[in-house]
Every structure is written in C-alpha cells, then in structure tokens.
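Understanding the architecture of this molecule
So you can see what is in the structure, the chains are spelled out below.
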Amino acid sequence: MNLYLRYFDKEILVDNVDEAIAFLAGIEEIGMNPVLEQDIRNYVASDVFYPKRYKTRPRVYFIIIKTEAATMQDFKEKKALHSTEALPKPVPNALMRLTEEREGWYEGAIDFKRVLQVPGTGKFQYRDTHFVARCKAMSGQDCYNRIVDHLSQRVDSRSQFPSAKGKNFKFQYLGYCK
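Residues numbered from 1 in each chain as written. Predicted model: local features only at pLDDT ≥ 70, side-chain atom pairs only at ≥ 80, totals over all residues. Heavy atoms only, no water.

Let's shift gears to the sheet that holds strand S4 (residues 60-67). Read across the open sheet, the 4 strands follow the order S2-S1-S4-S3; overall the sheet is antiparallel. Looking at which strands have only one partner, the edges of the open sheet turn out to be strand S2 (10-14) and strand S3 (52-57). With direction set aside, neighbouring strand axes in the sheet form an average angle of 15°. Sheet analysis places S3 next to S4, joined by 5 bridges and oriented antiparallel. For Arg53, the partnering residue across the bridge sits in S4 and is Ile63. This element, helix H2 (residues 34-45), spans strand S1 (2-7), S3 and S4 of the sheet and lies at about 30° to S4. (Pairing = 2+ DSSP bridges. Helix = DSSP H or I, 4+ residues; strand = E, 2+ residues; numbered from the N terminus. Axes fitted to C-alpha atoms, helices over the stretch in contact; angles between N-to-C directions. Contact = heavy atoms within 4.5 Å.)

So this is what it looks like as structure tokens:
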C-alpha cells in the first residue's frame with residue numbers, strides 16, 4: 001500500500017508512513033505535531049480507503065490517498081484503483097423489493113395523517129392513523145397504490161399519505177393468488 005500526498009503543487013508518492021510524515025514535516029505551513037502524526041498513523045493503519053484531508057488553515061488542506069499504484073505515473077493514470085471485488089454483494093433492499101414483480105396476495109400496512117373534525121369546535125386536526133389491508137397485487141408498489149386509492153376515496157382529501165419508499169409503509173408477500 002502506497003500513500004499519495006499533496007499540498008498545493010507539492011506532491012509525493014511514498015511507500016510507508018514515516019516517509020509521508022517526513023514529507024509533511026518539511027512543509028512549514030503544515031506545522032507537524034505529535035497529535036497530527038498520530039492521526040496520520042491511525043489513518044494509514046485503518047481499513048478506510050477514502051482520501052483523508054487535513055485542514056492547515058481556513059479553506060486550506062493537504063490530502064492523503066491510499067493507493068496500489070507503484071509509480072506517480074500509474075497513480076495519475078488511475079491504473080491502480082482499489083479493487084472492489086472483495087466487497088460483499090449488496091443485499092436487496094426495501095426499494096428493490098418494492099418494485100419486484102411477484103403476482104399474489106400482499107398485506108400492506110400504512111401509517112398516515114388523517115384529517116378529522118373535532119367534535120364541538122368544528123375545527124379539523126391531523127390524527128396519526130394505522131391502516132392494514134390485504135389485496136391482490138403485482139408488487140409492493142402496486143399494493144401501496146391500491147391501498148392509497150382505497151383510502152383516498154374514504155377519507156378527507158386533505159389527509160396526507162407517506163411515500164411507499166419510507167418507513168411508514170410496510171408490506172409482506174403472502175403467496176400466489178389463484
């Protein structure tokens with residue numbers, strides 16, 4: 001693992017943290033101190049591959065980047081980018097499940113703001129309302145659309161429905177419909 005360091009037009013590619021610290025100590029504006037040195041050593045020892053920038057004064061930084069590049073030319077041509085092959089495959093999230101087409105019965109639960117009239121005063125207020133329904137649908141999104149269509153015909157038009165992508169809508173596939 002090599003380190004690329006840059007401060008304005010001064011840049012270097014080194015193969016260990018001691019050389020990096022020596023480079024930074026040679027730049028007077030940076031003001032190398034034991035706290036900064038320890039932070040740099042911790043960054044290099046960590047599993048983090050994101051570039052790290054350090055503030056020297058307002059709106060002025062130096063940057064350290066971990067790289068597999070053997071030479072400055074390789075680094076500039078981006079020939080040694082960090083490999084992502086070892087990273088685990090993403091697990092299907094709720095958004096992907098929402099649009100996955102799978103015909104059958106779904107149970108959808110929605111929490112929405114329902115407009116109700118307060119008895120006696122005649123004023124209106126929003127009430128948190130929980131609604132659960134089972135319906136035939138093609139996907140989680142279709143289930144959401146059917147529930148909202150059903151509710152919008154039966155509650156005040158000022159009621160507020162959450163997004164299907166948010167935490168206030170949950171659905172479960174119950175099985176294939178015949």
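Once the structure has been displayed, the description carries forward.
To continue, consider the pattern of salt bridges. For side chains bearing opposite charge, pairing can occur when the charged atoms are close. Going through the model one piece at a time under the given rule, you end up with 8 salt bridges. Salt-bridge contacts for Asp39 lead to Lys52; the nearest nitrogen and oxygen are separated by 3.9 Å. Here Asp39, found in helix H2, pairs with Lys52, found in strand S3; they are 13 residues apart in sequence, far enough to count as distant. A residue is classified by how much of its surface remains accessible, and Asp39, at 31% relative accessible area, is partly exposed. (Salt bridge = Lys/Arg side-chain N within 4 Å of Asp/Glu carboxyl O. Buried < 20%, exposed > 50% of the residue type's maximum accessible area, 1.4 Å probe, protein only.)

This paragraph deals with the side chain of Ser159. Along the chain, the position of Ser159 falls in the loop between helix H5 (140-152) and strand S7 (169-175). Of the polar contacts made by the side chain of Ser159, one reaches the backbone nitrogen of Val115; its length is 3.2 Å. A distance of 3.0 Å separates the side chain of Ser159 from the backbone oxygen of Asp156, its partner in a polar contact. (Polar contact = N/O pair within 3.5 Å; in protein donor to acceptor, adjacent residues only side chain to side chain.)

A word on the packing of aromatic side chains. Counting across every chain of the model gives 8 aromatic pairs. Taking 4.9 Å as the distance between ring centres and 75° as the angle between the ring planes, the aromatic pair formed by Tyr7 and Phe8 counts as edge-to-face. In this structure Phe8 comes out as exposed when scored by relative accessible area, which is 55%. Centroid distance Phe169 to Phe171: 6.0 Å. Interplanar angle 20°. Geometry classified as stacked. Residue classification places Phe171 among the buried positions, given a relative accessible area of 16%. Members of the aromatic cluster, connected to one another through ring pairs, are Tyr106, Tyr144, Phe169, Phe171 and Tyr173. The ring of Tyr43 has Lys66 sitting right over it, with the charged end atom 4.9 Å from the ring centre. Against the face of Phe124 rests Arg158, its NZ or CZ located 4.3 Å from the ring centre. (Phe/Tyr/Trp six-rings, centres within 6.5 Å; stacked < 30°, edge-to-face > 60°. Lys NZ or Arg CZ within 6 Å of the ring centre and 35° of its normal.)

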